[in-house]
Amino acid sequence: MKNLSGFTALLKKELTIYFAGPIFYITGFFFLVLAGYFFYTNVLYYSIISLQAAQQASNPQVAAQLNPQMLVYRPLYQVLAIILIFLVPLLTMRLLAEEKRSGTWELLFTYPLTDWSIILGKFGAVLLVYLIFLAFTLSFSVAFSFMTPVDWGALGAGYLGMVLLAASCLALGLFASSLTENQIIAGVVGFALLLLSWIIGWVQELAGGPLGKAMQYLSLLDHYENFTKGVISTRDLIYCFSFIFFFLFLTKRQLESRRWRA
Amino acid sequence: MEMMIEVQDLSKFYGPLQAVNHIDFQVAAGEIVGFLGPNGAGKTTTLKMLAGFLAPTSGTARINGFDCVSQSLEVRRSLGYLPENVSIYPDMTVTQFLKFAARAKGVEAKEETGECQRVMAACGLEGVEVKLVAALSKGYRQRLGLAQALLHQPPVLILDEPTIGLDPSQIVEIRSLIKNLEGSHTVMLSSHILPEVSQLCHRVIIINRGQIVASDTPENLSRQMGHGSRISLTVKGPEAQVTAALQGLPGVSRVASFGEGRYLVEGGNGKDLRPELARLLVQQGFELLELKSQEFSLEDVFLNLVTEEES
């Protein structure tokens, strides 16, 4: 119970700081502008293709591809995932680096808070910020559902994938922020690590064999792909949760080392 | 007597640099102890180790019976800590920050508002409740730092330079606030302002180059330091003759003249020279206008100890 109050204290504090500063509003604004723009162009593209398909004799192979899931949502998820790589370092870089730089961590770490309640409070806050952004994008689908039937189940899987992907990236970003007291460095390191865990699967085509397979399994993108198809598999869930736990655990170790190094 | 702070053989290295060198001290419950030392002596490092912010290289520190390393969480629960140059989140308002601190310190949700109001009143923060911390003056920020340390009534308070950056009237307020904690709280405070320490503290610990060079009540320190006595005199009479007469008295080690009949006599052997001086001057026919024993101030003690070390 005591630990929980520490966690909620941190969560509330971080959200207060997010809502008080410009980063939340600026990143949120551009995230929604970009997501809205891509959703709109996807819908436009889908309607043009559908029109052409209706006019021509229908090809069964083309017809199978002609649904909102393939032509609107999958491209949207892919774009949102790319935006995520840029967005996450902006949101996470200040989390721990700023505390160190400004000296506020001296109070924070002398309060009776466990390292886990600090880490989870910060992680929970930044995840909630992202969820707020993501919740706004649901309005696109609501509007879209007036024009065409939307497969809400597949949409749910896609959004679950988005949330898990975001949580994984944010955990990595939080870890990057624990490494330094410079926000820019935290941002650059976070961005580089994200990009690396993103494209590590590409090696598969070059390396092949078991090594290539292992690399592919490690790649975030590979697991995210399944969610965008509307598939939820335990394999991908386990991957995401271990990814999140791994980086939160590294963050905890990094915080512990603070006491020993001066 | 219950010991609230126990430090044994505590050392801290920053790389090859030794900041704190095997120090030992204890602070009893209800005591107010001043921690003095020149810049870089290891004061802040020691206080940070007590607060559980830094781990010692060797030795142990216990607060309220809990070990600062292995039982860090319990230590932090019994502690209010004001860091040197306290930094507080600039994007939060005073109330928001205090509520966060109260919750982080485990104050019950229903007591939160009352507890925040109590410390705000104690530290004179009324009127700035909704101000952003970024907009506070240094004095108010320092008060806010002190207010958060007082939240949840911790039995032990560690205050690193509590009155720095405050104006004289605020200093008086904060001092009386600390004085009021006497008995109910154990306070360890570091300071550069020696009169403040001698007013506030039951005991003074002086640290230099990472080692404790003295630990006693301010009065005892002054007495020990004096070796003998220091007496100021105002005497009417020819200066050369008066000086010669004073120097002739056994036990007088030094006589200084400041003109207009004012003299300072230092005795070397710890004997009170006042009666003999008075008798001597009257017998020799000088007019004795004033005779006063001068205390050695804590400044003298401090400077003496610190320079002794260095020479």
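Note that the coordinates shown come from a computational prediction; the quantities given were computed from them, not determined experimentally.

Visitor: What is the right way to read the overall build of chain B from this model?
Guide: In terms of regular secondary structure, chain B is built from 11 helices and 14 strands. Projected onto its principal axes, the C-alpha positions of chain B cover 80 × 45 × 35 Å. Restricting the contact set of chain B to residue pairs at least 6 apart, pairs at least 24 apart contribute 67%.

Visitor: Explain the overall build of chain A to me, please; I cannot follow it from the model alone.
Guide: Regarding its fold elements, chain A presents 13 helices and 0 strands. When the helices and strands of chain A are placed in sequence order, the string is α-α-α-α-α-α-α-α-α-α-α-α-α. By its C-alpha atoms, chain A is 75 × 45 × 35 Å across when sized along the principal axes. The 262 residues of chain A split such that 36% are buried. Restricting the contact set of chain A to residue pairs at least 6 apart, pairs at least 24 apart contribute 77%.

Visitor: What is the right way to read helix α7 (residues 115–145) of chain A from this model?
Guide: Working note: α-helix, 3.6 residues per turn, so residues spaced by three or four point in the same direction. Across its 31 residues, α7 of chain A extends 45 Å between first and last C-alpha, which sits within 8% of the 45 Å expected from 1.5 Å per residue. Within α7 of chain A the residues assigned to the buried category are Ser117, Ile118, Ile119, Gly121, Lys122, Phe123, Ala125, Val126, Leu127, Val129, Tyr130 and Phe133 of chain A.

Visitor: Please explain the pairing of strand β11 (residues 230–236) of chain B as it appears in this structure.
Guide: Each regular strand displays side chains that alternate between the two surfaces of the sheet. Residues and elements named next belong to chain B. Covered by surrounding structure in β11 are Ile231, Leu233 and Val235 only, the residues Arg230, Ser232, Thr234 and Lys236 on the alternate face being uncovered. In the sheet, β11 pairs with strand β13 (residues 262–267) via 5 bridges, with the strands oriented antiparallel. When the sheet's bridge partners are listed, threonine 234 is paired in β13 with arginine 262. By the bridge criterion, 6 bridges tie β11 to strand β14 (residues 287–293) in an arrangement that is antiparallel. When the sheet's bridge partners are listed, leucine 233 is paired in β14 with leucine 291.

Visitor: How should I be thinking about the sheet that holds strand β3 (residues 32–36) of chain B in this particular structure?
Guide: Sheet strands pair by backbone hydrogen bonding; their relative direction is either parallel or antiparallel. All names here are of chain B. On the basis of which strands lie adjacent, the open sheet formed by 6 strands has the order β6-β7-β8-β3-β9-β10 and mixed pairing. With one partner strand each, in any of the chains shown, β6 (79–82) and β10 (211–216) form the two edges of the open sheet. Strand-to-strand, the axes of this sheet are offset by a mean angle of 15 degrees, without reference to chain direction. Bridge count between β3 and strand β8 (residues 186–190): 4 bridges; the pairing is parallel. Within the sheet, the bridge partner assigned to isoleucine 32 lies in β8 and is valine 187. Together, β3, β7 (156–160), β8 and β9 (203–208) form the strand contacts of helix α1 (residues 43–50), whose direction differs from that of β7 by roughly 150 degrees.

Visitor: Quick question: what am I supposed to make of the interface of chain A and chain B here?
Guide: Accessible area lost when the parts come together is the quantity often used to give the size of an interface. Each partner contributes to the interface: chain A provides 25 residues, whereas chain B provides 23 residues. At the level of secondary structure, the elements contributing two or more residues to the side of chain A that touches chain B comprise α1 (2–20) and α6 (105–108) of chain A. The leading source of residues in the side of chain A that touches chain B is α1 of chain A, at 10 residues. Of the residues belonging to the side of chain A that touches chain B, the class tally is 10 nonpolar, 10 polar and 5 charged.

Visitor: Could you clarify how one ought to interpret the environment of glutamine 216 of chain A in this entry?
Guide: With respect to the helices, strands and loops of the structure, glutamine 216 of chain A is situated in helix α11 (residues 209–218). Spatially, the C-alpha atoms of glutamine 216 of chain A and methionine 162 of chain A are 19 Å apart, while their sequence positions differ by 54 residues.

Visitor: Can you help me understand the nonpolar core in this one?
Guide: Grouped burial of nonpolar side chains is what soluble globular proteins tend to show. Judged by nonpolar contacts, the single largest core of 135 residues is most densely connected at Leu170 and Ala171 of chain A together with Leu98 and Ile158 of chain B. Among the elements that make up this core, the one with the highest residue count is helix α8 (residues 152–178) of chain A (14 residues). In this structure alanine 171 of chain A touches Phe123, Ile244, Phe247 and Leu248 of chain A, once residues within four positions along its chain are discounted. Counting 10 residues, the second-largest nonpolar core is a separate cluster that includes Ile231, Val242, Leu246 and Leu273 of chain B.

Visitor: Before we go on, may I ask you to explain the confidence of the model for chain B in this structure?
Guide: In regions of low pLDDT, the predicted coordinates are not meant to be interpreted in detail. When pLDDT is averaged along chain B, the result is 86; 94% of the residues meet or exceed 70. Scored as a complex, the prediction yields pTM 0.85 and ipTM 0.88.

Visitor: Just to check I follow, could you spell out the sheet that holds strand β1 (residues 3–14) of chain B for this structure?
Guide: All names here are of chain B. Read across the sheet, 4 strands follow the order β2-β1-β4-β5 without closing on themselves; strand pairing throughout is antiparallel. Two strands lie at the open edges of the sheet, namely β2 (17–28) and β5 (66–67), each paired on one side alone. As defined by bridge partners, strand β4 (residues 58–63) adjoins β5 across 2 bridges and the pair is classed as antiparallel. The residue bridging arginine 62 from the neighbouring strand is aspartate 67, located in β5.

Visitor: Just checking my understanding: could you explain the domain arrangement of chain B for this structure?
Guide: Under the domain assignment used here, chain B contains domain 1 (3–223) and domain 2 (227–295). If you average the C-alpha positions of domain 1 of chain B and of domain 2 of chain B, the two centres end up 45 Å apart.

Visitor: I'm lost on the packing of α8 of chain A against helix α12 (residues 220–228) of chain A in this one. Help?
Guide: The packing of two helices is summarised by the inter-axis angle and the distance between the axes. Residues and elements named next belong to chain A. Between α8 and α12, the shortest axis-to-axis distance is 8 Å and the interhelical angle comes to 160 degrees. If you check the angle between α8 and α12, you find them roughly antiparallel. From α8, Ala157, Gly158, Leu160, Gly161, Leu165 and Ser168 reach across to α12, where they touch Leu220, Tyr224, Phe227 and Thr228.

Visitor: Hey, could you run me through the packing of helix α2 (residues 22–55) of chain A against helix α4 (residues 68–92) of chain A in this one?
Guide: All names here are of chain A. Interhelical geometry of α2 versus α4 gives an angle of 160 degrees and a closest axis separation of 9 Å. Classified by the angle their axes make, α2 and α4 are roughly antiparallel. For the pair α2 and α4, the sense of crossing is right-handed. Seen from α2, the contacting residues are Ile23, Thr27, Phe31, Leu34, Ala35, Phe38, Phe39, Asn42, Val43, Tyr45, Tyr46 and Ile49; seen from α4, they are Pro68, Leu71, Val72, Pro75, Leu76, Val79, Leu80, Ile83, Leu87, Leu90 and Leu91. Classifying every residue of the contact of α2 with α4 gives 21 nonpolar, 2 polar and no charged.

Visitor: Help me understand α2 of chain A in this model?
Guide: All names here are of chain A. End to end, α2 covers 50 Å across 34 residues, agreeing with the expected 50 Å (1.5 Å per residue, within 8%). For α2, the full list of buried residues reads Thr27, Phe31, Phe39, Asn42 and Tyr46. Buried residues in α2 make contact with α4 and α7.

Rules used in this analysis
Residues numbered from 1 in each chain as written. Chains lettered and ligands numbered in written order. Predicted model: local features only at pLDDT ≥ 70, side-chain atom pairs only at ≥ 80, totals over all residues. Helix = DSSP H or I, 4+ residues; strand = E, 2+ residues; numbered from the N terminus. Contact = placed C-beta atoms within 7 Å. Buried ≥ 20, exposed ≤ 12 C-beta atoms within 10 Å, placed from the backbone. Expected span 1.5 Å × (residues − 1). Pairing = 2+ DSSP bridges. Axes fitted to C-alpha atoms, helices over the stretch in contact; angles between N-to-C directions. Nonpolar A, V, L, I, M, F, W, Y, C, P; charged D, E, K, R; others polar. Core = buried A, V, L, I, M, F, W, Y, C linked by C-beta atoms within 7 Å. pLDDT = per-residue confidence, 0-100. Domains from an automatic or database assignment. Parallel < 35°, antiparallel > 145°, perpendicular 65-115°, else oblique. Left-handed = near helix turned anticlockwise from the far one by under 90°.

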